[in-house]
Amino acid sequence: MGLGLAALGRPAYINLGHADDLAAHTEVSALRARAHEVLDAAFAAGVRYFDAARSYGRAEEFLGSWLSDRGLTRADVSVGSKWGYTYTADWRIDADVNEVKDLSIDTLRRQEGETRASLGANIGLYQIHSATLDSGVLEDRAVLDELARLRSEEGWFTGLSVTGPGQGETVLRALEVGAFDCVQATWNVLEPSAGPALAAAHDAGLGVIIKEAVANGRLTARGDVPALVKMAADLGVAADALALACVLAQPWVDVVLSGASTVAMVQSNLDALEVTVGGEVLERLAPVAEDPEMYWEQRSELAWN
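As the structure is a prediction and not an experimental result, all values here were calculated from the model.

Enquirer: Mind laying out a negative patch on the surface, listing which residues take part and the relevant values?
Expert: A contiguous patch of negative charge, built from D291, E293, E297 and E301, is present on the exposed surface. Residue placement: E297 occurs in helix α12 (residues 292–300).

Enquirer: I'd like a rundown of unusual backbone geometry, residues and numbers included.
Expert: Residue D90 is not a glycine yet carries a positive backbone phi of 55°. Inspection of the secondary structure puts D90 in the loop between β4 (85–87) and β5 (99–101). Overall, D90 belongs to the exposed group, its relative accessible area being 64%.

Enquirer: Pulling in residues and values, what's your account of the sheet that holds strand β9 (residues 207–211)?
Expert: In space, the eight strands of this closed barrel follow the order β1-β2-β3-β6-β7-β8-β9-β10, with parallel pairing throughout. Mean inter-strand twist for the sheet, computed between neighbouring axes without regard to direction, equals 25°. Where strand β7 (residues 157–162) and strand β8 (residues 182–186) come together, three bridges link them in parallel fashion. When the bridges of β8 are listed, S161 appears paired with Q184.

Enquirer: Quick one: what's the story with the side chain of T158, residue by residue and with numbers?
Expert: The topology assignment puts T158 in strand β7. Residue classification places T158 among the buried positions, given a relative accessible area of 0%. Polar contacts involving the side chain of T158 include one to the main-chain carbonyl oxygen of A179, which spans 3.0 Å. Contacts of T158, omitting those with residues within four sequence positions, involve L125, Y126, L147, R151, A179, F180, D181 and C182.

Scoring rules and cut-offs
Residues numbered from 1 in each chain as written. Predicted model: local features only at pLDDT ≥ 70, side-chain atom pairs only at ≥ 80, totals over all residues. Heavy atoms only, no water. Patch = residues over 30% accessible without salt bridge, like charges linked within 9 Å, V, L, I, M, F, W, Y side chains within 5 Å. Areas by Shrake-Rupley, 256 points an atom, 1.4 Å probe, with all protein chains shown as cover. Salt bridge = Lys/Arg side-chain N within 4 Å of Asp/Glu carboxyl O. Lys, Arg positive; Asp, Glu negative; His and termini not counted. Charge placed at Lys NZ, Arg CZ, Asp CG, Glu CD. Helix = DSSP H or I, 4+ residues; strand = E, 2+ residues; numbered from the N terminus. Buried < 20%, exposed > 50% of the residue type's maximum accessible area, 1.4 Å probe, protein only. Pairing = 2+ DSSP bridges. Axes fitted to C-alpha atoms, helices over the stretch in contact; angles between N-to-C directions. Polar contact = N/O pair within 3.5 Å; in protein donor to acceptor, adjacent residues only side chain to side chain. Contact = heavy atoms within 4.5 Å.

Printed below as a string of structure tokens:
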């Protein structure tokens, strides 16, 4: 399992209950301390992959300072980040626009420098943030050439995260392009549609990272999937641990991200490593899967904080 910093690097995010988790302690210093605390807990529990992005507020900065303070390097951990969104909320929790997407070569060149400034030699994986077929980024020769340069000259692995109901098609196109070492996608029991494409990516030798395994909190005790909560209770585990264990049970998964914003949450998430999920559990949960269009429409309507 890995740790994603989407909910740790900025005061507002779309995870259910995020504001309650922060308990109004949203100053930069408070969030830096919280991020370091959660990173410490994850590292102590054996987590070695950490995932950030330029749009996650100060996530790269917090991660970079934690690595420096703890004396950790690429020999100790794997660090990934993403380019393509610019954080625009200016640390407000009531901003009209929190981030702006632009997958152009100009954004890539600007943000790779910003990532290097925050993470230095620790960066190992650099990913396009939320690639889609409609964005055209997989056909952008300038972008692909620059990623190839980072790969050959800087030694960075390159990847892409995907989003939306067409995740599978985007992954398959990325395999055709052949420029990537890794793919990151949403897969959970509510939205499993990208599974066959992710299996193909795994078979082709790409690393597969899964994000949003608890569907931004919907697949937790705070959420709206009573069938999962009941099954978790029957098994004597927390709902979030069961949701994550369902992802870990997929044979094509390499890393599943926890999106925890508290120490208690990361510890509960990591309990998934002790949960055995067999075919019977997955079969019983199969009916909760939603139409991908409906799933992504509902996700787009989640309120920030």
